[in-house]
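# Descriptive structure summary
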2 protein chains.
Amino acid sequence: MPQTHPDPIDPALTGPQAAAQLAARGTSVAPGEPGKPFANMLCFSVYAAQLAFNRLYKQLLAPHGLTYLQYLVLVALAQAEDRTVGELGEVLFLESNTLTPLLKRMEAAGLVSRRRDSADERVVRVALAPAGAAVVAQVECVPLDVLAAIDLPLGDLHQMKSAIDRLSQELRKTPA
Amino acid sequence: MPQTHPDPIDPALTGPQAAAQLAARGTSVAPGEPGKPFANMLCFSVYAAQLAFNRLYKQLLAPHGLTYLQYLVLVALAQAEDRTVGELGEVLFLESNTLTPLLKRMEAAGLVSRRRDSADERVVRVALAPAGAAVVAQVECVPLDVLAAIDLPLGDLHQMKSAIDRLSQELRKTPA
DNA sequence: CTTATTTAGATCGCATACGATCAAATCGTT
DNA sequence: AACGATTTGATCGTATGCGATCTAAATAAG
């Protein structure tokens, strides 16, 4: 059966794409090349780096049944008796609309426990469950493996982290 | 009706979360504080920066009916006659499983056109549609607005971008 | 004490991302 | 021509993120 491709792309407006060649110097910090559309966009560099980090972590965490965000939650919980959903949101820069479904999945997987605070029934306290603590121990070496995969001087990484954190702070100032 | 909270958190394993205090020095490049679980994780800094960028761009792009990724696609298409799905994937570091639904939504919105290559029917060529070109013109100033919101020296941003790009490259090497 | 306001999570819909799989078209070899 | 392997997108299921809205609990006002 030829000519019946899964997605034939029906009419489709052809359109005069002559309107190209627009500056498009997003978060521009330098003039751009034609082949590399995002060569000047700091935002894209951060975006691409996050994709790369996420993919590398995914490879290392998937065998333990963890996603990167779930790993972050476990790390955050490993350093405290428990944390409320709001406190988790503060350290992760996320809201309950993201955290609640995430924490429910993690609870279903036996990684964390969720409990209403008896003093304030609005508050949900999240803590590491036994299985979660076990997984935390298993993935303890993952960050070092990632670090080992990066062939750059530790000092450079320190500087980079400080710089990115400053940038982050600046970006979080404005939205208000 | 009291005591019937939307999500009561049924049995929930209480669990001895005593297994905390684990090093958890993810992508660690320095010793950590108790209150800041990710103070040493470069990966988290990148993650948080990406969230912050995305939120700021969302504010500026939403009035034009664009998401950040859709904006990136338009920028990429503004600099070329057209691009195949694969070529878009190369510059955006994404695969067809993400791009195809995205491009279909953008086509439905009249932002881009999708066409099978007549020479090779496997290939889909994506180009800027009239409405897409118009939106590109409208959002031309967005990157400068973002840049203006960042109270840091341009030189620092240049350096930061170079450093992040190097990091990105390193991270993309390993997965193979 | 009763009502209005605030606060903490939860819910819903939509838009990314990605692993796994599939279909169609092309290419390479015979 | 024919058939297997490769290439290019598309499809599906799941997990983030987030705007908008909702509920219940706690608090403030009267």
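Everything below is about the structure shown above.
These numbers come from a predicted model, not from an experiment. (Residues numbered from 1 in each chain as written. Chains lettered and ligands numbered in written order. Predicted model: local features only at pLDDT ≥ 70, side-chain atom pairs only at ≥ 80, totals over all residues. Heavy atoms only, no water.)

### Points about unusual backbone geometry
Residue and element names in this part refer to chain A. Where we set the bar: Think of it this way: any DSSP run of H or I at least four residues long counts as a helix, any run of E at least two long counts as a strand, and we number them from the N terminus. Accessible area is worked out with a 1.4 Å probe on protein chains only. A residue is then buried under 20% of its type maximum, exposed over 50%, and partly exposed in between.
Not every positive phi belongs to a glycine, and Phe93 is a case in point at roughly 60 degrees. Looking at the secondary structure, you find Phe93 in the loop between helix H3 (85-92) and helix H4 (96-108). Exposure remark for Phe93: the relative accessible area of 25% places this residue in the partly exposed category.

### Points about the sheet that holds strand S3 (residues 124-128) of chain A
Hydrogen bonds between backbone groups are what pair the strands of a sheet, and the pairing can be parallel or antiparallel. All names here are of chain A. The following threshold applies: Only strands joined by at least two bridges in the DSSP assignment are considered to pair. Contact definition: two residues touch when any of their heavy atoms are within 4.5 Å. Between N-to-C directions, angles cover 0 to 180 degrees, with each direction set by a line fitted to C-alpha atoms, over the stretch in contact for helices.
Here three strands make up an open sheet; going across it, the order is S1-S3-S2 and the pairing antiparallel. Edge positions in the open sheet fall to strand S1 (83-84) and strand S2 (112-116), since each of these has one partner strand only. When S1 meets S3, the two strands line up antiparallel, connected through two bridges. Within S3, the position partnered with Thr84 by the bridge is Arg125. Across the sheet, helix H2 (residues 68-78) lies against S1, S2 and S3, angled at about 90 degrees from S3, the strand it touches most.

### A few points about the environment of Ala129 of chain B
Residue and element names in this part refer to chain B. Within the element layout of this structure, Ala129 appears in the loop between strand S3 (124-128) and helix H5 (130-138). Owing to a relative accessible area of 0%, Ala129 belongs among the buried residues under this scheme. Between the alpha carbons of Ala129 and Ala109 there is a distance of 9.8 Å; along the sequence they are 20 residues apart.

### Quick notes on helix H4 (residues 96-108) of chain B
Residues and elements named next belong to chain B. Definition in use: Expected helix span is computed as 1.5 Å times (number of residues minus one).
Counted at 1.5 Å a residue, the expected span for H4 with its 13 residues is 18 Å, and the 17 Å between its end C-alpha atoms agrees. Structurally, H4 contributes buried residues whose contacts are with helix H2 (68-78), helix H3 (85-92), strand S2 (112-116) and S3. Just downstream of H4 lies Gly110, where phi reads positive at about 80 degrees.

### Examining the nonpolar core
The test is simple: We call a set of buried residues a nonpolar core when its members are Ala, Val, Leu, Ile, Met, Phe, Trp, Tyr or Cys and they connect through side-chain atoms within 4.5 Å of each other. Note: domain ranges come from an automatic or database domain assignment.
If you look at the biggest cluster of nonpolar residues, it comprises 110 residues, and the most contacted ones within it are Phe53, Tyr71 and Leu72 of chain A together with Phe53, Tyr71 and Leu72 of chain B. Both of domain 1 (66-139) and domain 2 (141-176) of chain B provide at least three residues apiece to this core.

### As for the packing of H3 of chain A against H4 of chain A
All names here are of chain A. Quick note on the threshold: Working rule for angles: under 35 degrees goes down as roughly parallel, over 145 as roughly antiparallel, 65 to 115 as roughly perpendicular, anything else as oblique. Each crossing gets its handedness from the near helix: less than a right angle anticlockwise from the far helix is left-handed, clockwise is right-handed.
Between H3 and H4, whose axes approach to 10 Å, the crossing angle comes to 115 degrees. Classified by the angle their axes make, H3 and H4 are roughly perpendicular. Every pair of crossing elements has a handedness; the one defined by H3 and H4 is right-handed. The segment H3 lies against H4, with Val85, Leu88, Gly89 and Leu92 engaging Ser96, Leu99 and Leu103.

### Concerning H3 of chain B
Of all the residues in H3 of chain B, the buried ones are Val85, Leu88, Gly89, Val91 and Leu92 of chain B. In this structure, the buried residues of H3 of chain B make contact with helix H1 (42-61) of chain A together with H2, strand S1 (83-84), H4 and S3 of chain B. One or two residues past the end of H3 of chain B sits Phe93 of chain B, with phi positive at roughly 60 degrees.

### Some points on the sheet that holds S3 of chain B
All names here are of chain B. Pairing is antiparallel across the open sheet formed by three strands, whose spatial order is S1-S3-S2. Strands with a single pairing partner mark the edges of an open sheet, and in this sheet they are S1 and S2. Sheet analysis places S2 next to S3, joined by five bridges and oriented antiparallel. Residue Arg116 lies in a different strand from S3, and its bridge partner there is Val124. Taken strand by strand, H4 contacts S2 and S3, and its axis lies near 120 degrees from that of S2.

### Thoughts on the pattern of salt bridges
Note the threshold: What makes a salt bridge here is a side-chain nitrogen of Lys or Arg within 4 Å of a carboxyl oxygen of Asp or Glu, nothing more.
Applying the stated criterion across every chain, the model contains 14 salt bridges over all chains. For the salt bridge of Asp82 of chain B with Arg125 of chain B, the shortest nitrogen-to-oxygen distance reads 3.2 Å. Of this pair, Asp82 of chain B sits in the loop between H2 and S1 while Arg125 of chain B sits in strand S3, placing them 43 residues apart in sequence. Residue Arg125 of chain B is classed as partly exposed on the basis of its relative accessible area of 29%. Across the salt bridge formed by Glu107 of chain B and Arg114 of chain B, the nearest N and O atoms sit 2.9 Å from each other. Of the residues examined, Arg114 of chain B reaches a relative accessible area of 5% and is grouped as buried. When salt bridges that share partners are traced, they join Asp82, Asp117 and Arg125 of chain A into one network.

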